[in-house]
Amino acid sequence: MSIDINVCLTVERRPRKGRLGMRVTKAQAEQNRAHIVATAARLFRERGYDGVGVAELMAAAGFTHGGFYKHFRSKADLMAEASASGLSQTAARTEGVDPAEFVENYVSREHRDGRSDGCTIAALSGDAARQSADIKTEFAAGIESLLTALQTQRATAEDADQRATRTMVIDMLAHSVGAVMLSRACPDGSPLADEILDVCRQEILASLAHDTTDQLMARSPEA
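No experiment lies behind these values; they were computed from the predicted model shown.

Asks: If you had to explain the pattern of salt bridges to someone new, which residues and values would you point to?
Replies: All chains considered together, the criterion is met by nine salt bridges. The partner of Arg 47 in a salt bridge is Glu 56, with the nearest N and O atoms 2.4 Å apart. Overall, Arg 47 belongs to the partly exposed group, its relative accessible area being 39%. Salt-bridge contacts for Asp 113 lead to Arg 112; the nearest nitrogen and oxygen are separated by 3.1 Å. The network of salt bridges with common partners includes Arg 109, Arg 112, Asp 113, Asp 188 and Asp 194.

Right under this line is the structure:
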């Protein structure tokens with residue numbers, strides 16, 4: 001009887017063959033984490049924070065559910081990081097883009113329908129309003145970065161003009177985001193979905209043109 005027990009103990013303590021060969025390097029772990037964050041950012045934009053669970057998210061990224069906690073403490077942590085990633089991408093894509101061009105691309109049917117690849121602000125602002133302070137902080141920082149990128153294209157040396165430009169950019173962004181959100185709230189084939197985009201785009205562009213004319217006249221020596 002004792003011989004059988006000793007044999008079993010010996011077998012159980014034997015190292016698993018090939019275990020060392022499956023260790024993930026630090027660089028690979030960082031790549032895996034970045035891939036999970038990118039996947040989460042896309043899925044959250046498409047379905048909302050509550051519309052996708054950890055198991056489904058990890059499966060979409062090509063990993064097991066259990067591997068999630070090797071990278072993140074909780075889903076909330078991933079939500080904050082994915083939001084920050086998506087927001088920074090939107091700001092980066094906007095750098096060097098004229099406000100009028102931004103509006104043409106943003107307040108469009110293509111952006112409206114491309115939720116998963118679109119702006120995080122338009123996709124998740126409603127959800128973020130009900131989330132923790134950490135996620136709201138990420139949104140505030142992301143919105144500020146986007147405003148800065150847009151404002152840079154119209155900034156001037158005068159403090160008064162800079163304040164006027166910031167006011168204009170905030171109004172333009174809020175109007176653009178609201179247009180996309182209202183359009184998405186309508187059925188995909190609804191005429192109203194397109195009407196909202198068309199009307200808002202025209203009004204925002206007209207307002208931009210008017211503001212530009214006013215600023216030019218204010219700086220003119222003959223004004």
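Asks: Now, about the packing of helix 7 (residues 120-128) against helix 8 (residues 133-152): what can you tell me, with residues and values included?
Replies: Between two packed helices, the angle of one axis relative to the other and the distance separating the axes together describe the packing. Direction vectors running N to C along helix 7 and helix 8 enclose 150°, while the axes themselves pass 11 Å from each other. When the axis of helix 7 is compared with that of helix 8, the two are roughly antiparallel. Considering how the two elements wind past one another, helix 7 and helix 8 form a crossing that is left-handed. Of helix 8, the residues touching helix 7 (which contributes Thr 120, Ile 121, Leu 124, Ser 125 and Ala 128) are Ile 135, Lys 136, Phe 139, Ile 143 and Leu 146. Counted by class, the contact of helix 7 with helix 8 contains seven nonpolar, two polar and one charged residues.

Asks: Describe helix 3 (residues 54-61), listing the residues and the values that go with them.
Replies: In an α-helix, one turn spans 3.6 residues; hence positions three or four apart end up facing the same way. For helix 3, the set of buried residues is Val 54, Leu 57, Met 58 and Ala 61. Looking straight down helix 3, one finds that the buried residues subtend no more than 95° of arc, so they occupy a single side. In this structure, the buried side of helix 3 is in contact with helix 2 (26-47) and helix 4 (75-94). With its phi angle positive at about 90°, Gly 62 sits one or two positions after the end of helix 3.

Asks: So what's going on with the side chain of Ser 83? Residues and values would help.
Replies: Mapped onto the elements of the fold, Ser 83 is located in helix 4. A distance of 2.7 Å separates the side chain of Ser 83 from the backbone oxygen of Met 79, its partner in a polar contact. Those residues in contact with Ser 83, other than ones at most four positions away along the chain, are Tyr 49, Thr 120, Ile 135 and Phe 139.

Asks: Account for the nonpolar core, with residues named and values stated.
Replies: Counting 49 residues, the largest nonpolar core has Phe 44, Leu 57, Leu 78, Phe 102, Tyr 106 and Val 107 as its most contacted members. For this core, the secondary structure elements donating two or more residues are helix 2, helix 3, helix 4, helix 5 (99-106), helix 7, helix 8, helix 9 (159-185) and helix 10 (191-219). Per element, the largest residue contribution to this core is seven residues, and it comes from helix 9. In contact with Tyr 106, other than residues within four places in its own chain, are His 111, Cys 119, Ile 121, Ala 122, Ser 176, Val 177 and Val 180.

Asks: How would you explain the confidence of the model for the protein chain if you had to name every residue and give the values?
Replies: Mean pLDDT over the protein chain: 85, with 81% of residues reaching 70 or higher. Highest mean pLDDT in the protein chain belongs to helix 6 (residues 109-113) (97); lowest belongs to helix 1 (residues 2-13) (38).

Asks: Outline the packing of helix 2 against helix 3, listing residues and values.
Replies: It is the contact of helix 2 with helix 3, at a shortest axis distance of 9 Å, that shows an interaxial angle of 120°. Classified by the angle their axes make, helix 2 and helix 3 are oblique. Both helix 2 and helix 3 take part in a crossing whose hand is right-handed. On helix 3, the residues touching His 35, Ile 36, Thr 39, Ala 40, Leu 43, Phe 44 and Arg 47 of helix 2 are Glu 56, Leu 57, Met 58, Ala 60 and Ala 61. Looking at the contact of helix 2 with helix 3 residue by residue, the classes come out as eight nonpolar, two polar and two charged.

Asks: Tell me about the environment of Met 79, and please be specific about residues and values.
Replies: With respect to the helices, strands and loops of the structure, Met 79 is situated in helix 4. Residue Met 79 is classed as buried on the basis of its relative accessible area of 6%. The spacing of Met 79 and Ile 135 is 56 residues in sequence and 7.3 Å in space, taken between C-alpha atoms. In this structure Met 79 touches Phe 44, Tyr 49, Gln 131 and Ile 135, once residues within four positions along its chain are discounted.

Each value, and the rule that gives it
- Residues numbered from 1 in each chain as written.
- Predicted model: local features only at pLDDT ≥ 70, side-chain atom pairs only at ≥ 80, totals over all residues.
- Heavy atoms only, no water.
- Salt bridge = Lys/Arg side-chain N within 4 Å of Asp/Glu carboxyl O.
- Buried < 20%, exposed > 50% of the residue type's maximum accessible area, 1.4 Å probe, protein only.
- Axes fitted to C-alpha atoms, helices over the stretch in contact; angles between N-to-C directions.
- Helix = DSSP H or I, 4+ residues; strand = E, 2+ residues; numbered from the N terminus.
- Parallel < 35°, antiparallel > 145°, perpendicular 65-115°, else oblique.
- Left-handed = near helix turned anticlockwise from the far one by under 90°.
- Contact = heavy atoms within 4.5 Å.
- Nonpolar A, V, L, I, M, F, W, Y, C, P; charged D, E, K, R; others polar.
- Arc of directions from axis to C-beta.
- Polar contact = N/O pair within 3.5 Å; in protein donor to acceptor, adjacent residues only side chain to side chain.
- Core = buried A, V, L, I, M, F, W, Y, C linked by side-chain atoms within 4.5 Å.
- pLDDT = per-residue confidence, 0-100.

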